[in-house]
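Here is what each chain is made of, one letter per residue.
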Amino acid sequence: MSNYQVNEKGFYGEFGGAYVPEILYKCVHDLQEAYLPIIEDETFKAAYHALLRDYVGRPSPLYFAQRMSERYGCQLYLKREDLNHTGAHKINNTIGQILLAKRMGKTRIIAETGAGQHGVATATVCALMNMKCEVFMGATDVERQHTNVERMKMLGAEVHPVRTGNMTLSDACSEAIRDWCCHPSDTFYIVGSTMGPHPYPDLVARMQSVISEEIKWQLEQKTGRDYPDYLIACIGGGSNAAGTIYHYMDDERVKIVLAEAGGHGWDTDHTAATIHRGTTGILHGAKMLVMQDDDGQIQEAFTISAGLDYPGVGPMHCNMAKQGRTQVLSINDDEAIYGGYELTRMEGIIPAIESAHAIAALKKLSFKPSDVVVLTVSGRGDKDVETYLKNKEMAKEYGKF
Ligand SMILES: *Cc1c(COP(=O)(O)O)cnc(C)c1O
C-alpha cells in the first residue's frame, strides 16, 4: 500500500479533494467513476501506447551526460522529454485525456494554458482527433507568448484571452472552470497539470507515469540497476515531476529533489515558490498549498518562467513535501538562466527555462561519484531563446559563458 497515492476519497493526506460548484458535481462525479475502468482497459492502453510511440516519438531517450557528470561528480542521466512532439512532456497527458474524452462521448474540448505549451499540446491532439477545441489564456500571456497563440490557431483551436485578475494562468483556469459549468454535458476539460478537482491530479499523474516506467528499464539496461540514487525535476503544477517519480514514490532508496521557481527569492514578493511560501487553501477545485494573503486572496506568482507561473501546486506534491518524502529547492531566476546556459554549452542541449530550474538544483546538492542521478529535461528551449539572450547578464555572478 502506497503512502503517497490518492485515497478513495480523492485526498493525498490533507490535500486534494473535489471542491466544485453544484452544477459541476455530476460531471466531476461521472469522471471519477469512469476514468480508472477506461484507462486500465487493454484497448485504451493499446491506443494510448501506439500514439505515444508513433506520434509522440516515445520512448524518450535516457541520455548519459558525460561532461555534466564530470562537473558535478556523479553519473548524470537526462530524461529527454524535450524531444517529444510539440517539445515537452505535456503531450503525454493530452493524448491520454483526449482518448478518455472520446470514450466518454464528449464532443468539445476546453483547456487552460499559461505559457501556451499545454494549449498547443491540447490543440494538437484535437486536430489529430478532429475535436472542437477552445483554449483559455490570460491576456497578458497572449501577448507574451505570441508564437504559441499562432500555433494553436493554426492547429484549429479558438483562443479566448482572459481579462480578469492578473490576466495570467490562474485566471485562465478560473475561466475554463466557468465555461465547463455552462457546458457540463458535452464538454471535456483537459487539465494540464496535476491540479484541479479529483480525479484530475491522479489522472494526469498516471498519464505522465510513462516517464518513470521508461526510466526503470532504461536504467536497468544502462547501469544494471533499475533505480537511481536521485531523481530531479522542476515543479510548477507538478506533472513532469509526478511522471518522473511515479514508480519510485515508495522506494526509499531513491532521493527525490524538486525545483520550484523562486523568482527573485522565495522570501520576496516576487516568487512562485509555492511549497516554500504557500499555506493551505482551496484553489481550482482542490485543497493545496496556495500563495495567499491573510484574507485568503490569491497572490500573484512571479517567475521568469511562464510555465511555472502558478500560485498553487498539485496536492500529491503538497503531501509528499509535508511528509518529508521530497526535498524541495527554490531556484531563483538568475540561477535558472545560468543552468540553461550551462546545459547548452556543456551538452549542446537548450532546455526550456522551466527545466533549467532542475539543472540549477545540481549546484545545491553534493553527490558521491558513484551516485546515479536522473534529471528530467521537461521541455526544449526554442521558445525561450529570447529570454535567455535578454537575461544573460543576470547570471554572471555564477560564471561566464
Ligand atoms: C508546463 C511546463 C512545466 C511545468 O508544469 P508541470 O506540470 O509542473 O510539469 C515544466 N516544464 C515545461 C517544459 C513545461 O512546458
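Overview of the structure. As the structure is a prediction and not an experimental result, all values here were calculated from the model.

**Here's the deal with the sheet that holds strand S7 (residues 158–162)**
- An order of S7-S6-S5-S8 is seen for the 4 strands of this open sheet, with the pairing classed as parallel. Each of the sheet's edge strands pairs with one partner strand only, and the pair in question is S7 and strand S8 (187–189). Strand after strand, the sheet turns through a mean of 25 degrees between neighbouring axes, direction not considered.
- One ladder, built from 3 bridges, connects strand S5 (residues 108–113) with S8; its direction is parallel.

**A closer look at empty space enclosed by the protein**
- Taken as a whole and judged by the stated rule, the model has 3 cavities of 30 Å³ or more.
- The calculated volume of the largest cavity comes to roughly 380 Å³.
- The wall of the largest cavity is formed by 33 residues, among which His-89, Lys-90, Gly-237, Gly-307 and Leu-308 lie closest to the centre.
- Among the secondary structure elements, those contributing two or more residues to the lining of the largest cavity are S5, helix H5 (117–129) and helix H11 (239–245).

**Describing helix H1 (residues 25–39)**
- In this model, H1 (15 residues) spans 21 Å end to end at C-alpha, consistent with the 21 Å of a helix rising 1.5 Å per residue.
- At Glu-33, H1 shows its largest kink, close to 30 degrees, and the proline Pro-37 lies no more than four residues downstream.
- Taken as a whole, H1 has its buried residues at Cys-27, Val-28, Leu-31, Ala-34, Tyr-35, Ile-38 and Ile-39.
- If you follow the buried residues of H1, they end up packed against helix H2 (42–56), helix H4 (90–103), helix H8 (169–182), S8 and helix H9 (200–208).

**A short note on the pattern of salt bridges**
- Throughout the structure, instances matching the rule amount to 25 salt bridges.
- Across the pair Lys-322 and Glu-14 runs a salt bridge, and its minimum N-O distance is 2.4 Å. Taken as a pair, Lys-322 in helix H13 (residues 315–322) and Glu-14 in the loop between strand S1 (11–12) and strand S2 (15–16) lie far apart in primary sequence, 308 residues in all.
- With a relative accessible area of 57%, Lys-322 lands in the exposed category.
- Judged by relative accessible area, Glu-14 falls into the partly exposed class, the value being 34%.
- Note that Asp-179 and Arg-108 form a salt bridge whose closest N and O atoms lie 3.0 Å from each other. Remark: Arg-108 occurs in strand S5 and Asp-179 occurs in helix H8; sequence separation between them is 71 residues. Judged on exposure class, the residue Asp-179 and its partner Arg-108 are both buried.
- It is possible to trace a salt-bridge network through shared partners that takes in Arg-58, Lys-79, Glu-81 and Glu-214.

Cut-offs used in this document
Residues numbered from 1 in each chain as written. Predicted model: local features only at pLDDT ≥ 70, side-chain atom pairs only at ≥ 80, totals over all residues. Heavy atoms only, no water. Pairing = 2+ DSSP bridges. Helix = DSSP H or I, 4+ residues; strand = E, 2+ residues; numbered from the N terminus. Axes fitted to C-alpha atoms, helices over the stretch in contact; angles between N-to-C directions. 1 Å grid on protein atoms, 1.4 Å probe; cavity = no way out; pocket = protein on both sides within 12 Å on 5 of 7 lines; lining within 4 Å. Points joined across faces, edges and corners; volume = space filled by probe spheres on them. Expected span 1.5 Å × (residues − 1). Bend = angle between axes of the 7 residues up to and from the residue. Buried < 20%, exposed > 50% of the residue type's maximum accessible area, 1.4 Å probe, protein only. Contact = heavy atoms within 4.5 Å. Salt bridge = Lys/Arg side-chain N within 4 Å of Asp/Glu carboxyl O.

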